[in-house]
Amino acid sequence: MKEPYGYCDLRVERVNDDIINTFIEYGYTLIAVNTTVNCSLLGVGNSNRKKRKVVECNGENKEEIDWVPTPKLINHDDFKLKIVNRLTVQISNIGQLHRISSFQNFKLYNILAVEPLNDQVFQDIVTFSSTSSIDIITCNIKTSITPKQYTIAIEKNIYFEVSYAPMLVNYIARQDTLSLAHLFHMKGKSKNIIVSSGAVNKLDIRNPHDVMNLGILLGLSRKQSKESITQGCYSIILQRNEKKICN
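Residues numbered from 1 in each chain as written. Predicted model: local features only at pLDDT ≥ 70, side-chain atom pairs only at ≥ 80, totals over all residues. Heavy atoms only, no water.

A. A look at the environment of D17. Structurally, the position occupied by D17 is in helix α1 (residues 17-26). Once the C-alpha coordinates of D17 and H76 are considered, the two residues, 59 residues apart in sequence, prove to be 8.6 Å apart. (Helix = DSSP H or I, 4+ residues; strand = E, 2+ residues; numbered from the N terminus.)

Next comes the structure, spelled out in C-alpha cells:
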C-alpha cells in the first residue's frame, strides 16, 4: 500500500456516495470502513458453555462458521480518497481473539480494533505478548485503566480511540465521550489517541479543522490533536502492512 498522507478517519460505519463525496469535499485522503463482530457466542472459554449449547441445539456447527464476514465491498474509483477495511471485535475473554484470528476472512482486513467487554480481558489485551497484532483498543467509561496498562499499550504501539459521532446524539452520549477522553488524559496524558467519526451518514462528518479543535476540547494538545487524524493513523496503517508482510 502507498504510504498514507493527509487527513484520516479510521472509523466509518457506513459508506455511500454522499458519505464518500463529503469526505472528499472536506479534504480527507483516507477512511476506514468498520465491520463489528460480537464474539460472545464464539465457543471459547467456560463462560460460553451455555451459549455453545444453544448453537449446537440449533443444528449449527461452529467449526464450519466463519465468524468474520467478508469486508464491505466499496465501489469507489476516486483517486482522491483511499478506502480501507477495519474489523472491530468485541470480546469477553482473550481466547476469543485468538480463535477469531484463525478465520480466513480475518486476513482480509487492514486494521484490527478490539473492544474489551470486561476489565479482565482489557488487562489480558495489554499484557499478553500474543496480542501484539492489535492496532486499536475501543474503550468505554466503565473500562478500568491503570497508568501502567496504558504505558504497556503505548509500548506495543496500540492506539486508543475516541469517536465523536455519539456526541451528536444526546447529552448523555456527549458526557460519556468527554469522560472517556478525560480518562485517557488522566491515565496516559492522551498519548496514542486517534479521533474518528463513527459516521453512519454524511451529517455525522466534520471537517478536519473542526475535529482538531474538538481534540483540544477532549484534552489533547494541539500537536496530539493533529496527530490524532494524521500521523497516528499513518502509524496504524503502516504497522498493519508490516505485520502482514512478516506473516
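On we go.
B. Representation of helix α7 (residues 208-217) in the model. Within α7, burial applies to P208, V211, M212, L214 and G215. The buried residues of α7 occupy an angular sector of 160° when the element is viewed end-on, so they sit on one face. On its buried side, α7 packs onto β1 (7-12), α1, β2 (28-38), β7 (193-196) and α8 (222-227). Of the residues flanking the start of α7, the one acting as N-cap is N207, its side-chain oxygen 3.0 Å from the backbone nitrogen of H209. Two residues or fewer past α7, G219 is found with a positive phi of approximately 100°. (Buried < 20%, exposed > 50% of the residue type's maximum accessible area, 1.4 Å probe, protein only. Arc of directions from axis to C-beta. Contact = heavy atoms within 4.5 Å. Polar contact = N/O pair within 3.5 Å; in protein donor to acceptor, adjacent residues only side chain to side chain.)

C. A look at the sheet that holds β1. Pairing is parallel across the open sheet formed by seven strands, whose spatial order is β1-β2-β3-β4-β5-β6-β7. Either end of the sheet is taken by a strand with one partner, and the two such strands are β1 and β7. Two elements, strand β6 (residues 159-163) and β7, share four bridges in a ladder whose sense is parallel. By the bridge assignment, F160 is partnered in β7 with I193. Where helix α4 (residues 119-127) meets the sheet, its contacts fall on β3 (82-91), β4 (111-116), β5 (136-137) and β6, and the angle it forms with β4 comes to roughly 145°. (Pairing = 2+ DSSP bridges. Axes fitted to C-alpha atoms, helices over the stretch in contact; angles between N-to-C directions.)

D. Seen up close, the packing of aromatic side chains. For the coordinates displayed, the defined rule picks out four aromatic pairs. When the ring of Y150 is compared with that of F160, the centres are 4.5 Å apart and the planes differ by 25°; the resulting orientation is stacked. Residue Y150 is located in helix α5 (residues 147-155), and its partner F160 is located in strand β6; the two are separated by 10 residues in the primary sequence. On the basis of relative accessibility, which here comes to 0%, the residue F160 falls in the buried class. Ring geometry for Y150 and F184: centres 6.3 Å apart, planes at 65°, overall edge-to-face. Highlighted residues: Y150 in helix α5 and F184 in helix α6 (residues 171-188), separated in sequence by 34 residues. F184 shares its class with Y150; the two are buried. Ring-pair connections join several aromatic residues into one group, and the members of that group are Y150, F160 and F184. (Phe/Tyr/Trp six-rings, centres within 6.5 Å; stacked < 30°, edge-to-face > 60°.)

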